[in-house]
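Listed here are the chains, written in short residue letters.
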Amino acid sequence: MDKKFFCQWFKGFEEGLDEMDSESRSRLLKHCAKCCADTGVLQSHLKLYQAVNGNRDEFYRRLCELGNVRGEVAMPGKEYFISFPDCACDLHTALGINTPNLCECSRQSIIYVAERVWKESEVQVEQIETVLSGGAECRFKIKFS
């Protein structure tokens, strides 16, 4: 199968995402997010966690060391921001999926990775802005219980 087929097929996927309610979209993209994170993002975050000896504030301050991501401490020990300068999702960059509803996958990925790194905490992630929504960057707020 060629790229043209996949691009066409994924346009249908994009239309389906736009028709789903937010709960259904979250359930679907949670699995997409896990698979994506397991390709390397989770491991790089676990290595940084070890490098900072589990210090959450230091982890988010040094997140930029991983490349194409920036962290920020909003409330020490509790709230953080994570930002990406552009949309690096292969579904967007390679296959032309442009719906802002795809950004739920990023939110789910942040939840998945944070829950694996910070096992003792419950995590909530709020989407602040995304490139696919017309924002200057992709920015999410992370809250730990």
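Quick note: structure is the one above.
Just so we're clear, the structure is a prediction, and the values are computed from it rather than from any experiment.

Definitions and limits used
- Residues numbered from 1 in each chain as written.
- Predicted model: local features only at pLDDT ≥ 70, side-chain atom pairs only at ≥ 80, totals over all residues.
- Heavy atoms only, no water.
- Helix = DSSP H or I, 4+ residues; strand = E, 2+ residues; numbered from the N terminus.
- Rg over C-alpha atoms; globule rule 2.2 N^0.38 Å.
- Buried < 20%, exposed > 50% of the residue type's maximum accessible area, 1.4 Å probe, protein only.
- Contact = heavy atoms within 4.5 Å.
- Areas by Shrake-Rupley, 256 points an atom, 1.4 Å probe, with all protein chains shown as cover.
- Lys, Arg positive; Asp, Glu negative; His and termini not counted.
- Charge placed at Lys NZ, Arg CZ, Asp CG, Glu CD.
- 1 Å grid on protein atoms, 1.4 Å probe; cavity = no way out; pocket = protein on both sides within 12 Å on 5 of 7 lines; lining within 4 Å.
- Points joined across faces, edges and corners; volume = space filled by probe spheres on them.
- Expected span 1.5 Å × (residues − 1).
- Arc of directions from axis to C-beta.
- Phe/Tyr/Trp six-rings, centres within 6.5 Å; stacked < 30°, edge-to-face > 60°.

Draft legend 1. Expanded view of the overall build of the protein chain. A tally of regular secondary structure across the protein chain gives 6 helices and 4 strands. What you see in the protein chain, going N to C, is helices and strands ordered as α-α-α-α-β-β-α-α-β-β. Its C-alpha atoms give the protein chain a radius of gyration of 16 Å, within 12% of the compact-globule value 15 Å for 145 residues. Considering only C-alpha atoms, the protein chain reaches an extent of 45 × 30 × 25 Å along its principal axes. Residue burial in the protein chain is summarised as follows: out of 145 residues, 39% are buried. Taking contacts inside the protein chain between residues at least 6 apart in sequence as the whole, the part at least 24 apart equals 55%. If you sum the accessible surface of the protein chain, you get close to 8,200 Å²; carbon and sulfur atoms cover 51% of it. Charge separation in the protein chain, taken as the distance between the mean sites of 19 positive and 22 negative side-chain charges, equals 4 Å.

Draft legend 2. Quick peek at the layout of surface pockets. Of the voids in this model, the largest pocket is the one considered here, and its volume is about 780 Å³. C36, V41, F84, A88 and S109 are, among the 32 residues lining the largest pocket, the residues nearest its centre. Among the elements of the structure, α2 (22–37), α3 (41–51), α4 (56–61), β2 (79–84), α5 (90–93), α6 (103–117) and β4 (138–144) are those that each provide at least two residues to the lining of the largest pocket. For the lining of the largest pocket, the leading source of residues is α6, giving 8 residues.

Draft legend 3. Representation of helix α1 (residues 3–19). Look at α1: 24 Å from first C-alpha to last across 17 residues, which is about the 24 Å you get at 1.5 Å a residue. Looking only at α1, the buried set comprises F10, E14 and L17. On an axial view of α1, the arc spanned by its buried residues comes to 60°, and they lie on one face. Within α1, the exposed residues directed more than 90 degrees away from the buried face are K4, Q8, E15 and E19.

Draft legend 4. How the structure looks around the packing of aromatic side chains. Inspection of every chain in the model, using the stated rule, returns 11 aromatic pairs. On the numbers, 5.0 Å between centres and 75° between planes, the contact of F59 with Y60 is edge-to-face. Under the relative-accessibility criterion, Y60 is labelled buried at 3%. Taken together, the aromatic side chains of Y49, F59, Y60, Y80, W118 and F144 make up a single cluster linked through ring pairs.

Draft legend 5. Structural view of α3. Along α3, the residues that are buried comprise L42, H45 and L48. The arc that holds the buried residues of α3, viewed along the axis, is 125°, so those residues lie on one side. Exposed and oriented more than 90 degrees from the buried face of α3 are K47 and Q50. Buried residues belonging to α3 abut α2, α4 and α6.

Draft legend 6. Spotlight on unusual backbone geometry. Of note, the phi angle at N53 is positive, near 55°, even though the residue is not glycine. Mapping N53 onto the fold places it in the loop between α3 and α4. Overall, N53 belongs to the exposed group, its relative accessible area being 72%. Here N68, not a glycine, exhibits a phi torsion of approximately 55°, which is positive. Judged by relative accessible area, N68 falls into the partly exposed class, the value being 39%.

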